[in-house]
Amino acid sequence: MATLALPGTETTAVTPVDRPERRGGKGSKAGKAGPVTYTLLTLTALVSIFPLYWTLVAGSHTNAELAASTPPFLPNASLFENFRLALEQAPIGKAILNSILVSGAITVGTVLFCTLAGFAFAKLQFRGKGLLLALVIGTMMVPTQLSVIPLFMMIADLQWVNQLQAVILPTLVSAFGVFFMRQFLISALPNELLEAGRVDGASTFRIFWSIVVPVARPAMAVLAMLTFLTAWNEFFWPIIALTTANPTVQVALAGLGSGYVPQQSVIMAGTLLGTLPVLIVFTILGKQIVGGIMQGAVKG
Amino acid sequence: MTIASQTPREALIAAPPAATAPAPDRTPPKRRTTLTRNRWGYAYVAPFFLVFGAFSLYPFIYTAWVSLHRTSLSNIDGGTWVGLENYRNLLQSEFFWNAARNTLTIGILATVPQLCMALGLAHLLNYKLRGRTFFRTVMLMPYATSIAAATLVFAQLFGRDYGLINTFLEAVGLERIDWEAGTLSSQVAIAVIVTWRWTGYNALIYLAAMQSIPGELYEAAEIDGASRWKQFLHVTIPSLRPTILFTIVVSTIGAVQLFGEPLLFAGNGTTSGGSSGQYQTLGLLMYQQGWSNFHIGQAATTAWAMFMIILVIVGLNAVIGRLRSRADR
């Protein structure tokens, strides 16, 4: 698996972007965007957003209106009636609450554990470190499918099927997160700072809390956002571990689609309900999430 | 491979795992300070490895063991040792080959246009641009949408009778298509969902890499009289090669695991992947074997087959990458 690192290894030659905005200007010495660029980008933006807009449109009409020969293009009044029907057919309210719990717990755990481990891998020397790190990175590429079966046996033994901890615990750490934090801390945390703390007689844990965490905060924020988003959208494991009796949003949505009489407008209203929270978060934090992904892409 | 959060897709965020390989040898020169030589290192990595070992590493290895047994879901702990029988069955099963074929075609249909479009898009986003934050954010919107939500919406859009896409086709004088029923049409539709969700994301990855290409390279190319297109071809693309290679590997791994989209595409969550299995993927087949047919051992075999496929793809890419970079020198 170590071969996987190969393509990236070469990127070390590429210097990390410190100030993307400035560099962006320089890179774009290719020139200012012309009308063609704007047209293409606007079209792409429309394509990106249209399915989401359509969810709103389709979710706010009755089925009959959707089936009309000229389909509607503006939202309509049936939205709340469809919301009501969707909530009746699938426990979406409960699902949203569950998803907040699950994603929140996963985010806290991932950020904490990955910062701890990332710090150790970046700055501490201990026997077997290289091997352990290779293990972390190697398994980053192993598909989820490969551990799902024993995992299911495990939670079945523990009688955790349909319990939220079955979804939370296995996801509580992420190899990607460890790697991400390590990459950040290697350059962001000067050894002198750590040694100064040590000279002042601070315990190792104290040093972590009062020196490492403040320095790591920006990366922790990025990791938190990405983890939350991924945890919220996770589909494969929750649909195995949970049922529609105690679902996360994704499981509830899957259940909504499999009703006996599929009513498109109700399905769309439910989809909208399940997507809204993350879209709101994305609208507020979108810029930071974009920055985080681009930063991770280069630095990682 | 930590279970839920880590679709390897996500690992792409870490994208080119830059300093990965050289890491062990590049640790700072050994200094005998109490801090950097520290057995506390183990305490810091312990929480991660405890969870990781219990819920990722151990299950990963145990899957291989399960695949050598005839084990049913109702009798999880007991199983009969059958050796390689599950693997033999798999290779003789037309369902496996059908799913493998579908996974391959959907994977190509989804990955190739996706990455090409992402590359072009990144190029556009790299211009001096008004409202660039807006464009970047909007293009990442699909990534924030879940598989379930995206698939349900697209299933509606691709609907046979009242789907918007067919309405549009009819309006411009073409024939309606029963998207879900056909082999190619259903696979194209599923590929569209995947492409929609991931293009913007990959564009951002490329954009980040583009911005770290030194401007001098373009200046030199311009002095040599290279046209804009030639600059793109001879400066941008070669500089991006490691990133491109990496997105290819990661997208391919994602494609091998494709599951949610074919599960929900018909809207009813059946595991057969269409009336004649026309869009059943390996991921879906594995789920069907384990959780519909309760044959856990066979499902584990399929999971390992998927892993082997991924290893081959990753190996091929690594070899190609190495050959190409050697050729450049």
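Treat the numbers as computed from the prediction; the structure is a model and nothing was measured.

**Remarks on the overall build of chain A**
Consideration 1: What chain A contains, in helices and strands, is 15 helices and zero strands.
Consideration 2: Burial status across chain A gives 58% buried among its 300 residues.
Consideration 3: In chain A, the proportion of contacts linking residues at least 24 apart, taken out of those at least 6 apart, comes to 70%.
Consideration 4: In the form shown here, chain A has an accessible surface area of approximately 11800 Å², with 68% of it arising from carbon and sulfur atoms.

**Concerning the UniProt feature "transmembrane region" (unreviewed entry) in chain A**
Consideration 1: Using the residue numbers shown here, the UniProt feature "transmembrane region" (unreviewed entry) corresponds to residues 36–56, 95–119, 131–155, 167–186, 207–229, 235–254 and 266–285 of chain A.
Consideration 2: Helix makes up 70% of residues 167–186 of chain A and strand 0%, and the two end C-alpha atoms of the span are 32 Å apart.

**Re the packing of helix α7 (residues 129–139) of chain A against helix α2 (residues 40–66) of chain B**
Consideration 1: One can describe the packing of α7(A) onto α2(B) by two numbers: an axis separation of 13 Å at closest approach and a directional angle of 45 degrees. The angle between α7(A) and α2(B) places the two elements in the oblique class. Of the two possible hands of crossing, α7(A) and α2(B) adopt the one that is left-handed. Counted together, A:Leu132, A:Leu135, A:Val136 and A:Thr139 of α7(A) and B:Phe48, B:Phe49, B:Phe52 and B:Leu57 of α2(B) form the full contact between these two elements.
Consideration 2: Across the contact of α7(A) with α2(B), the residue classes tally to seven nonpolar, one polar and no charged.

**With respect to the environment of A:Asn162**
Consideration 1: Tracing the backbone through its elements, the reader meets A:Asn162 in the loop between α8 (145–157) and α9 (164–168).
Consideration 2: For A:Asn162 and A:Val136, which are 26 residues apart along the polypeptide, the C-alpha to C-alpha distance reads 29 Å.

**Quick look at the packing of aromatic side chains**
Consideration 1: Under the defined criterion, the tally for this structure stands at 37 aromatic pairs over all chains.
Consideration 2: Three or more aromatic residues link up through ring pairs in this structure, and these residues are A:Phe121, A:Phe126, B:Tyr42, B:Phe48, B:Phe49 and B:Phe52.

**Description of the nonpolar core**
Consideration 1: Counting 180 residues, the largest nonpolar core has A:Phe119, A:Ile149, A:Ile240, A:Ile293, B:Phe48, B:Leu140 and B:Trp291 as its most contacted members.
Consideration 2: Ranked by residues supplied to this core, first place goes to helix α8 (residues 183–211) of chain B with 16 residues.
Consideration 3: Two domains each provide a minimum of three residues to this core, namely domain 1 (34–58) and domain 2 (93–328) of chain B.
Consideration 4: Excluding residues within four positions of it along the chain, A:Ile149 makes contact with B:Val66, B:Met286, B:Trp291, B:Ile296, B:Ala299 and B:Ala300.

**Quick word on the UniProt feature "transmembrane region" (unreviewed entry) in chain B**
All names here are of chain B.
Consideration 1: In this structure's numbering, the residues bearing the UniProt feature "transmembrane region" (unreviewed entry) are residues 40–61, 104–125, 137–158, 188–209, 240–260 and 296–320.
Consideration 2: In the segment residues 104–125, helix accounts for 100% and strand for 0%; the C-alpha atoms at its two ends are 31 Å apart.
Consideration 3: Secondary structure across residues 137–158 divides into 86% helix and 0% strand, with the first and last C-alpha atoms of the span separated by 26 Å.

**Here's the deal with the confidence of the model for chain B**
Consideration 1: Scored by pLDDT, chain B comes out at a mean of 83, with 85% of its residues at no less than 70.
Consideration 2: Within the model, pLDDT remains below 50 along residues 1–26 of chain B, and this stretch shows 109 contacts once partners closer than five positions in the same chain are excluded.

**So, α8(B)**
Residues and elements named next belong to chain B.
Consideration 1: Taking 1.5 Å of rise per residue, 29 residues should cover 42 Å, and α8 covers 41 Å from first to last C-alpha, within 8% of that figure.
Consideration 2: Trp-198 marks where α8 bends most, by close to 40 degrees.
Consideration 3: Within α8, 25 of the 29 residues are buried, which leaves the element mostly enclosed by the surrounding structure.

**Here's the deal with unusual backbone geometry**
Consideration 1: Look at A:Gln159: it is not a glycine, yet its phi comes out positive at around 60 degrees.
Consideration 2: For A:Gln159, the position within the fold is in the loop between α8 and α9.
Consideration 3: For A:Gln159, a relative accessible area of 65% puts it in the exposed group.
Consideration 4: In the Ramachandran plot, B:Phe294 falls in the positive-phi region, its phi being about 60 degrees despite a non-glycine side chain.
Consideration 5: Inspection of the secondary structure puts B:Phe294 in the loop between α12 (282–292) and α13 (296–328).

Calculation criteria
- Residues numbered from 1 in each chain as written.
- Chains lettered and ligands numbered in written order.
- Predicted model: local features only at pLDDT ≥ 70, side-chain atom pairs only at ≥ 80, totals over all residues.
- Heavy atoms only, no water.
- Helix = DSSP H or I, 4+ residues; strand = E, 2+ residues; numbered from the N terminus.
- Buried < 20%, exposed > 50% of the residue type's maximum accessible area, 1.4 Å probe, protein only.
- Contact = heavy atoms within 4.5 Å.
- Areas by Shrake-Rupley, 256 points an atom, 1.4 Å probe, with all protein chains shown as cover.
- UniProt positions renumbered as here; feature names shortened; annotations may be inferred.
- Axes fitted to C-alpha atoms, helices over the stretch in contact; angles between N-to-C directions.
- Parallel < 35°, antiparallel > 145°, perpendicular 65-115°, else oblique.
- Left-handed = near helix turned anticlockwise from the far one by under 90°.
- Nonpolar A, V, L, I, M, F, W, Y, C, P; charged D, E, K, R; others polar.
- Phe/Tyr/Trp six-rings, centres within 6.5 Å; stacked < 30°, edge-to-face > 60°.
- Core = buried A, V, L, I, M, F, W, Y, C linked by side-chain atoms within 4.5 Å.
- Domains from an automatic or database assignment.
- pLDDT = per-residue confidence, 0-100.
- Expected span 1.5 Å × (residues − 1).
- Bend = angle between axes of the 7 residues up to and from the residue.

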